[in-house]
Each structure stands twice: as structure tokens, then as C-alpha cells.
Amino acid sequence: MNHFSIAGVQLELANEDSLATIAQYIASTKKRYPWLDMIVLSELASFGIDKKYAEPLPNKTEDFYCQLAQEHDVWLIPGSLFERDGEHIYNTTSIINNKGEVVDRYRKIFPFYPYEQGVDSGSDFVVFDVPQGRIGVAICYDLWFPEVARALTCLGAEVLIYPTLTGTIDRPQELILAQATAIQNQCYVLAVNAAGPLGNGKSIAVGPQGDVMYQAG
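Residues numbered from 1 in each chain as written. Predicted model: local features only at pLDDT ≥ 70, side-chain atom pairs only at ≥ 80, totals over all residues. Heavy atoms only, no water.

S.K.: Please provide a residue-by-residue account of the environment of Leu 160, values included.
M.R.: If you trace the backbone, Leu 160 turns up in strand E9 (residues 159-163). Note: C-alpha distance between Leu 160 and Val 130 (30 residues apart in sequence) is 13 Å. (Helix = DSSP H or I, 4+ residues; strand = E, 2+ residues; numbered from the N terminus.)

Now the structure itself:
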């Protein structure tokens, strides 16, 4: 049986340009686990929560991740960043394959107000295929809305990936939601949170029966 191996990298990141730090950790993770097929980062990993970094996509940051993906022969979901589209700002994640190609982009459907004041809602569900199956992607607060997971699994997703940035007191509730989502939809759930000043960690991977495969500190 072929496997598709996914690593969630929980980093202590600041509210600033963290691309150099991220590149270092992607390189070291792939070197330590050369069999990895995909690396997932936390929500807003690249620049933090400051909307001054918002830029249209594609851009040089996405190109930076495409180069890393190709260099290390690994799929990347590099958290998310703020995307500017005319007068609108979205919280957007790119899905990049191991050839350095952008497969798709997902705009967060449920921004977390008031923390994401001024961020618009996306409207499209995103699933994508890897050689061993189909993966759906959503972002952080989307986990709180079961309709998102149901839509993704109805589109064939067997794994749901949630780049996350939670620094509030409700992270324990999100861990329960990750288990409930896996049970309800009979799928794998991976929610990768940040640590340090922006997040309180506790990234989690859950199996289809709700079993916690791993939970970070």
C-alpha cells in the first residue's frame, strides 16, 4: 500500500516577515524525514496578522514557496497570508505541489471577527488530488462550521487540513471539534496551530474514528 505522508510544522513565529525562519524549518524537516510528501504550516505564518503585508496573488512570496517545494520535492500548504484583490482582502492559502506548481488557492470562508475585521469571506470550497487520494483545505475558524467539512467530504476529501492561528482560550474546544469533525465525516483531520506570541500550539492530527494520532504541546 502506498502512503502519502503529511507533516504539520508548529512554529513559534512573530508578527513580522518569517520567511527565512520558515525556509530553514522546511529544509530541516525534509532532511530529517526525507520520505515526507507534504508539509503544512499554520495560518498567517509568513507575515503574521498585520494586513499591511497584503498583496495580490500570485506574488513573490508564493514564488518563494514554489521554489522551496521544488527544491525539496515536497508539497506545501504554507499556512496562509492576506491577499489583496482590488478593494478586498482575503485570508488565502496556496496549495503547491512538489514540482513547485500552484494547484489551487483557498480563501477562508469564515473570518474570525473582530480579529479579522476588514477581511472578506471567500466563497469556494477547495479539494485537490494527490497520488493516493483527495484532500480538502480550510482555515482555522472554518473548523467551527460543520457545513465546511461536510461540503469538502461530499467533494471526495478523505483528509481535511486546517492551517490555524489560535491564541485564545478556546483552543481546547477546537481540539474537540477536530475529533468531532473526523468522526462525523469519517476522515482524517489535521489542524496546525502556531506557537509563541501569536498562537498557543496544541496542533492535532485525528483519525477517522476520532482517535488522536498526535497532539503537540
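Don't stop here, the text continues.
S.K.: Talk me through the layout of surface pockets; I want residue IDs and the actual numbers.
M.R.: Computed from the structure, the largest pocket encloses a volume of approximately 770 Å³. What lines the largest pocket is a set of 27 residues, and nearest its centre among them are Phe 4, Ser 5, Ile 6, Tyr 188 and Met 213. Those elements that provide at least two residues to the lining of the largest pocket are strand E1 (6-8), strand E8 (133-137), strand E10 (188-192), strand E11 (204-206) and strand E12 (212-215). Broken down by element, the lining of the largest pocket gets its largest block of residues, four residues, from E10. By residue class, the composition of the lining of the largest pocket is 17 nonpolar, eight polar and two charged. (1 Å grid on protein atoms, 1.4 Å probe; cavity = no way out; pocket = protein on both sides within 12 Å on 5 of 7 lines; lining within 4 Å. Points joined across faces, edges and corners; volume = space filled by probe spheres on them. Nonpolar A, V, L, I, M, F, W, Y, C, P; charged D, E, K, R; others polar.)

S.K.: Describe helix H1 (residues 19-32), with residues and values.
M.R.: In this model H1 runs 20 Å from its N-terminal to its C-terminal C-alpha over 14 residues, within 8% of the 20 Å that 1.5 Å per residue would give. Residues Leu 19, Ile 22, Ala 23, Ile 26, Thr 29 and Lys 30 constitute the buried set of H1. Buried residues of H1 fall within an arc of 135° about the axis and therefore sit on the same side. With respect to the buried face of H1, the exposed residues turned more than 90 degrees away are Ala 20, Gln 24, Lys 31 and Arg 32. In this fold, the buried residues of H1 make contact with strand E2 (38-40), helix H2 (60-72) and strand E3 (75-77). (Expected span 1.5 Å × (residues − 1). Buried < 20%, exposed > 50% of the residue type's maximum accessible area, 1.4 Å probe, protein only. Arc of directions from axis to C-beta. Contact = heavy atoms within 4.5 Å.)

Function cannot be read off these values alone, since they describe shape.
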